[in-house]
Amino acid sequence: METKNLKSEMEVVLASRGEDYPVIMLDKINIKDISLLNSIFNKIKDYIDYVKEFKLNSAWILCIGDYGSGKTLLLRYIAHRLVNEEDKVIPIYFFLRTPEHVTLFTRIKEFINEVERYESDPKLTTTRLYGTPEGWKKGNKLTVLKEVVKEVEDKQQKISEFGKFTEVMRMLNVGGYTPVVIFDEFERLIYTGEGLVT
């Protein structure tokens, strides 16, 4: 029985793709001892501060690496820590390998539902989630995101998906929140055009 538990734990720990790691594994990762990864995370937090202080309008960070090098896991880990550590930062992670994530506004609505289900029962998580239920409650992040999305949906029915998405980002900023948008597998979208809506 002990071997069986070890085997199932190893299967989780050794997941071959970063998007397959459950949220609980993101809590177990400690990059503080890995200076390069820790400096990347701290640089991202610096950029967030610059945006909050109006020193920058926006900041872009590009993460490049070979297949299987840990890009997705790093991006999910960053989103996870931002949810748990920051009150007024709302990371929104889009996994663009999945075509339905390309419809940005619709995906935010689906994401809100996933986080709400996760908050009510953390055992029912999908692997694409990040942050703890407590982290999402900190600073009322999920409540604010939900209210902004509802307001945009009610008032902006005639604009495009992308227009609604950008309006959500603008309204979060106006409300004192900093959205951090993470596009994973962006190169797939560029190379294949899969999921693009014209």
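Residues numbered from 1 in each chain as written. Predicted model: local features only at pLDDT ≥ 70, side-chain atom pairs only at ≥ 80, totals over all residues. Heavy atoms only, no water.

Novice: Tell me about unusual backbone geometry, and please be specific about residues and values.
Specialist: Non-glycine residue Phe54 carries a positive phi angle of around 60°. Its place among the elements puts Phe54 in the loop between helix H3 (35-52) and helix H4 (71-85). One non-glycine residue, Asn140, lies in the positive phi region at around 55°. Tracing the backbone through its elements, the reader meets Asn140 in the loop between helix H6 (133-137) and helix H7 (141-155). On the basis of relative accessibility, which here comes to 47%, the residue Asn140 falls in the partly exposed class. (Helix = DSSP H or I, 4+ residues; strand = E, 2+ residues; numbered from the N terminus. Buried < 20%, exposed > 50% of the residue type's maximum accessible area, 1.4 Å probe, protein only.)

Novice: Give a detailed account of the side chain of Glu86, specifying residues and quantitative values.
Specialist: One can find Glu86 in the loop between H4 and strand E1 (89-95). On the basis of relative accessibility, which here comes to 15%, the residue Glu86 falls in the buried class. When sequence neighbours within four positions are dropped, the list of residues in contact with Glu86 reads Lys45, Lys52, Arg81, Lys138 and Lys141. (Contact = heavy atoms within 4.5 Å.)

Novice: Go over the packing of helix H5 (residues 104-120) against H7, please, and point to the residues and values.
Specialist: Orientation of H5 relative to H7, taken along the N-to-C sense of each, is 145°, at an axis distance of 11 Å. The interaxial crossing formed by H5 with H7 has left-handed handedness. When H5 is examined against H7, the residues Phe105, Ile108, Lys109, Ile112, Val115, Glu116 and Glu119 are found in contact with a partner set consisting of Leu142, Leu145, Lys146, Val149, Val152 and Glu153. The class makeup of the residues in the contact of H5 with H7 is eight nonpolar, no polar and five charged. (Axes fitted to C-alpha atoms, helices over the stretch in contact; angles between N-to-C directions. Left-handed = near helix turned anticlockwise from the far one by under 90°. Nonpolar A, V, L, I, M, F, W, Y, C, P; charged D, E, K, R; others polar.)

Novice: Provide a residue-level description of the pattern of salt bridges, including the pertinent values.
Specialist: Counting across every chain of the model gives 12 salt bridges. Of the charged contacts in the structure, one is a salt bridge between Glu110 and Arg107, with a shortest N-O distance of 3.5 Å. Of the two residues, Glu110 and Arg107 are both situated in helix H5; the distance of three residues between them amounts to about one turn of the helix. Relative accessible area serves as the criterion here: at 31%, Glu110 is assigned to the partly exposed category. Glu153 is the partner of Lys109 in a salt bridge, and the nearest nitrogen-oxygen pair spans 2.5 Å. Within this pair, whereas Lys109 is found in helix H5, its partner Glu153 is found in helix H7, the two being separated by 44 residues in sequence. Judged by its relative accessible area of 28%, Glu153 falls in the partly exposed class. Among the charged side chains, a salt-bridge network with shared partners connects Lys45, Lys52, Arg81, Glu85 and Glu86. (Salt bridge = Lys/Arg side-chain N within 4 Å of Asp/Glu carboxyl O.)

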